[in-house]
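Structure at a glance
Given next are the chains, with one letter for each unit.
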Amino acid sequence: MKTFNDVLNEQKQNNEFKKEYEAIQPGMNVIRAIVDARTSQNLTQKELDRRSGINQADISKIAFIHI
């Protein structure tokens, strides 16, 4: 059974895919940092909503993208 990384590495052999994948990495890094910071502080999405003013629905979308 192939893992996600196996498939990703196969897809990266396609130059067009690789270019697009690399182009989104800065944004993905920001999303990872937000999710990692929230979880390391043991904050729920609702608590982050209250502290940051970012709507919980938007936080949920960010967290989903991270997965």
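It should be emphasised that the depicted structure is a prediction, and the values quoted were computed from it without experimental measurement.

What counts, and where the lines are drawn
Residues numbered from 1 in each chain as written. Predicted model: local features only at pLDDT ≥ 70, side-chain atom pairs only at ≥ 80, totals over all residues. Heavy atoms only, no water. Helix = DSSP H or I, 4+ residues; strand = E, 2+ residues; numbered from the N terminus. Buried < 20%, exposed > 50% of the residue type's maximum accessible area, 1.4 Å probe, protein only. Phe/Tyr/Trp six-rings, centres within 6.5 Å; stacked < 30°, edge-to-face > 60°. Salt bridge = Lys/Arg side-chain N within 4 Å of Asp/Glu carboxyl O. pLDDT = per-residue confidence, 0-100. Expected span 1.5 Å × (residues − 1). Polar contact = N/O pair within 3.5 Å; in protein donor to acceptor, adjacent residues only side chain to side chain.

In the Ramachandran plot, Asn42 falls in the positive-phi region, its phi being about 55 degrees despite a non-glycine side chain. With respect to the helices and strands, the residue Asn42 is situated in the loop between helix 2 (15–40) and helix 3 (45–52). By relative accessible area, which is 66% here, Asn42 ends up exposed.

Attention shifts here to the packing of aromatic side chains. According to the stated counting rule, one finds 1 aromatic pair in the structure shown. Relative to Tyr21, the ring of Phe17 lies with its centre 6.1 Å away and its plane at 15 degrees, an arrangement referred to as stacked. On the criterion of helical spacing, the pair formed by Phe17 and Tyr21 is a turn pair, its members being 4 residues apart in helix 2.

It is worth spelling out the pattern of salt bridges at this point. Tallied over the full model, the rule gives 2 salt bridges. Its salt-bridge partner being Lys2, residue Glu10 comes within 2.8 Å of it at the nearest N-O pair.

Moving on to the confidence of the model for the protein chain. For residues with low pLDDT, the predicted coordinates do not support detailed interpretation. Chain-level statistics for the protein chain give a pLDDT mean of 88 and a share of 93% at 70 or above. The lowest-confidence element of the protein chain is helix 4 (residues 56–66), averaging 75 in pLDDT; the highest-confidence one is helix 1 (residues 4–11), averaging 95.

Bringing helix 2 into the picture now. With 26 residues, helix 2 extends 36 Å between its outermost C-alpha atoms, agreeing within 8% with the 38 Å of an ideal straight helix rising 1.5 Å per residue. Residues of helix 2 that are buried: Gln25, Met28, Ile31, Val35 and Arg38. The distance from a side-chain oxygen at the start of helix 2 to the backbone nitrogen of Glu16 is 2.8 Å, and the residue carrying that oxygen is Asn14. Just beyond helix 2, the residue with positive phi is Asn42, at close to 55 degrees.

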